[in-house]
Amino acid sequence: MSSQKPLKIGITCYPSLGGSGVVATELGKLLAEQGHQVHFIAHSIPFRLGSFHKNIYYHEVEVNDYYVFRYPPYDLSLATKMAQVANMQQLDVLHVHYAVPHAVCAFLAKQMVGDQLKVVTTLHGTDITVLAQDESLKDLIRLAINESDAVTAVSQDLIRETREVLDINRDIDLTYNFVDHRVYYPRDSASLRQDFAEPDEKVLMHISNFRPVKRVSDVVDIFARVNEQVPSKLLLVGEGPDLPKIQCQINELGLADKVHFLGKQDEIAHVISMADVLLLPSEKESFGLVALEAMACGVPTVGSLAGGIPELVTHGETGFLAPVGDSGQMAEYVINILRDDKLKDELRKACLHRSQTVFCNEQIRSKYEQIYYRVLGREETS
Ligand code: GMT
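Residues numbered from 1 in each chain as written. Predicted model: local features only at pLDDT ≥ 70, side-chain atom pairs only at ≥ 80, totals over all residues. Heavy atoms only, no water.

With respect to the overall build of the chain
Part 1 of the reasoning: Regarding its fold elements, the chain presents 15 helices and 13 strands.
Part 2 of the reasoning: Taking 382 residues into account, the globule formula puts the C-alpha radius of gyration at 21 Å, and the chain, at 22 Å, falls close to it.
Part 3 of the reasoning: Based on the C-alpha atoms only, the size of the chain along its principal axes is roughly 65 × 50 × 40 Å.
Part 4 of the reasoning: Burial statistics for the chain: of 382 residues in total, 58% are counted as buried.
Part 5 of the reasoning: Look at the contacts in the chain between residues 6 or more apart in sequence, and 69% of them connect residues 24 or more apart.
Part 6 of the reasoning: Surface accessibility of the chain: about 16,600 Å² in total, with carbon and sulfur atoms responsible for 49%. (Helix = DSSP H or I, 4+ residues; strand = E, 2+ residues; numbered from the N terminus. Rg over C-alpha atoms; globule rule 2.2 N^0.38 Å. Buried < 20%, exposed > 50% of the residue type's maximum accessible area, 1.4 Å probe, protein only. Contact = heavy atoms within 4.5 Å. Areas by Shrake-Rupley, 256 points an atom, 1.4 Å probe, with all protein chains shown as cover.)

Structure (C-alpha cells):
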C-alpha cells in the first residue's frame, strides 16, 4: 500500500480490443485494490472489468449524431467527457492508453480543465509503429506526446522508435506489460487438452487478432514443418481479418484435421496451459502480452526478433527467437523443444521465474503510481 494519499485517476482505453485495453483495465483494477479511486471513461465498459469492483467507476461517452455530421465526432465527445469527469470528480491524473485519439483528447481536456489535471500517456505499439508514420496524424500525435505530463511506453524498442519516428527527445518511462499471477499460473489442462490432441501429440498454439502484422501464415508454415517430424496439433485462438486466408492455406496444405480454431476465448490461462509452445512470429510487436501470459503459465515462446519481443523472451532461456519470416529456423527451435523433455522443463522453470520477477503486477503497478506522484509533484516515499 502506498504511503501517499490515494489518488483519483481517470483511465481511457479501447474497451473492447487488444492488449492495450487489457493492460489499462488490469492496471485500473490493481490501482483500485490499492485504495485509489479509478474512473474509466470510454464508449463501453472495458471487457476485462467483469463484475462490480470497489473504487471503480465507469463514465460512458455518448456521441452526438447530428444530421450535419458525416462522421459523428467521437473524439470531441470523449475530450468533453474527460473534462466533465475531471471537474466533477476532481481527478488528479488522467491516464490515457494509446495515442490516437486518446492522448489528443486528453490534451484538449486539459485545455478545458486547467493545468492541475495531469495527463499520463502510455504508448502501446501500433499507435507509433503504424499510425505515427501516417502524415495525416504524425504532427498531432507529436503534439499530444510532447504536451503530456508523462509518457510511458511498453518496451525500450518502442521508446527508441517513438523518438525516431516523431523526432522527439522528451523523457519516456519504460512500463512493461504485466500479468496478475493470481490469474496467470500453470493450470491443470489435461482434460481440456484431450479434446484437441491425442496423448502422443504435442500442442502448438497461436493467439492473436489475426492481422497481417501477426504473420499467421508463418504460424501455419512453422506448424507444417514441425508436424512432418513430431506428431502435433495447432490450436488457433482469436479472430480477425486474415482468418479466411489462413483457413485456405491450411486446407491447401492438407492440414485441416490437424488444426483447431478456438475463436475468441476468455479463460486464456486455461487455454494457454494446454500448449507445449506458443508461436509469435510477428512482423512488429512492441511487447507481446500473449507471450508474457504464456510465460506465466510456464509455456515457452518461439517467435521473431521483432520490436520488444527480445526484451520479454530471453533467447535460449524462456524461448527461442529468429529473424522475421525465418519459419525454417523457428520450426527447428520448436522441434528441439518438443523432442527434449529436459530442455522443456528448464524453459518452463525459467518462464515462471522471469514472469514472476520482471513482469510482476505489483512492480509495474507501483511504477505507474510513482509516475503519477511525480507528475503531481509528490514523490512516492515507499
Ligand atoms: O497486438 C495488437 O495488435 C493489439 C495491440 C493493442 O493496441 O491493443 O497490442 C499492442 O499493445 C499490447 C499491450 O501493450 C502489446 O503487448 C502488443 O505487443 C502491441 N501490439 C503490437 O505492437 C502489434
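Now that the structure has been shown, we can carry on.
A few points about the pattern of salt bridges
Part 1 of the reasoning: For the coordinates displayed, the defined rule picks out 28 salt bridges.
Part 2 of the reasoning: A salt bridge links Arg48 to Glu293; the nearest nitrogen and oxygen atoms lie 3.7 Å apart. You can see Arg48 sitting in the loop between strand 2 (37-42) and strand 3 (56-60) and its partner Glu293 sitting in helix 11 (residues 289-296), a full 245 residues away along the chain. Residues Arg48 and Glu293 agree in their burial class; the two are buried.
Part 3 of the reasoning: When the shortest N-O distance is used, the salt bridge between Glu369 and Arg365 registers 2.6 Å. Here Arg365 and Glu369 lie together in helix 15 (residues 361-375), a separation of four residues that amounts to about one turn. (Salt bridge = Lys/Arg side-chain N within 4 Å of Asp/Glu carboxyl O.)

So, the sheet that holds strand 9 (residues 232-237)
Part 1 of the reasoning: Here we have six strands laid out as an open sheet, ordered 10-9-8-11-12-13, and parallel in their pairing. The sheet terminates laterally at strand 10 (259-263) and strand 13 (319-322), the two strands that pair on one side only. Ignoring which end each strand starts from, the neighbouring axes of this sheet average 20° apart.
Part 2 of the reasoning: Lying over the sheet, helix 8 (residues 216-229) contacts strand 8 (202-207), strand 9, strand 10 and strand 11 (277-280), oriented at roughly 165° with respect to strand 9. (Pairing = 2+ DSSP bridges. Axes fitted to C-alpha atoms, helices over the stretch in contact; angles between N-to-C directions.)

What about the packing of helix 8 against helix 13 (residues 327-339)?
Part 1 of the reasoning: Across the interface, helix 8 lies against helix 13 with an axial gap of 9 Å and an inter-helix angle of 45°. Our classification of the angle between helix 8 and helix 13 gives oblique. Pair helix 8 / helix 13 crosses with right-handed handedness. Between helix 8 and helix 13, the contacting residues are Asp218, Asp221, Ile222, Arg225, Val226 and Gln229 on the first element and Ser327, Gly328, Met330, Ala331, Val334, Ile335, Leu338 and Arg339 on the second.
Part 2 of the reasoning: Each residue belonging to the contact of helix 8 with helix 13 can be placed in one class, and the counts come to seven nonpolar, three polar and four charged. (Parallel < 35°, antiparallel > 145°, perpendicular 65-115°, else oblique. Left-handed = near helix turned anticlockwise from the far one by under 90°. Nonpolar A, V, L, I, M, F, W, Y, C, P; charged D, E, K, R; others polar.)

Focus: the side chain of Asp242
Part 1 of the reasoning: Following the sequence through the fold, Asp242 ends up in the loop between strand 9 and helix 9 (243-252).
Part 2 of the reasoning: By relative accessible area, Asp242 is classed as buried at 11%.

Focus: helix 15
Spacing of three or four residues puts side chains on the same side of an α-helix, whose turn is 3.6 residues.
Part 1 of the reasoning: Helix length check: helix 15 (15 residues) gives 21 Å between terminal C-alpha atoms against 21 Å at 1.5 Å per residue, within 8%.
Part 2 of the reasoning: Among all positions in helix 15, only Asn361, Ile364, Arg365, Tyr368, Glu369, Ile371, Tyr372, Tyr373 and Val375 are buried.
Part 3 of the reasoning: Remark: Gly377 follows helix 15 within two positions and exhibits a positive phi of approximately 75°. (Expected span 1.5 Å × (residues − 1).)

Examining the domain arrangement of the chain
Part 1 of the reasoning: On domain assignment, one finds that the chain holds domain 1 (8-178 + 360-375) and domain 2 (190-357).
Part 2 of the reasoning: Distance from the C-alpha centre of domain 1 to the C-alpha centre of domain 2: 30 Å.
Part 3 of the reasoning: Listed per partner, the contact involves 18 residues of domain 1 and 12 residues of domain 2.
Part 4 of the reasoning: When domain 1 packs against domain 2, close to 1,100 Å² is buried across both sides, 52% of that on carbon and sulfur atoms. (Domains from an automatic or database assignment. Buried area = accessible area lost by both parts, 1.4 Å probe.)

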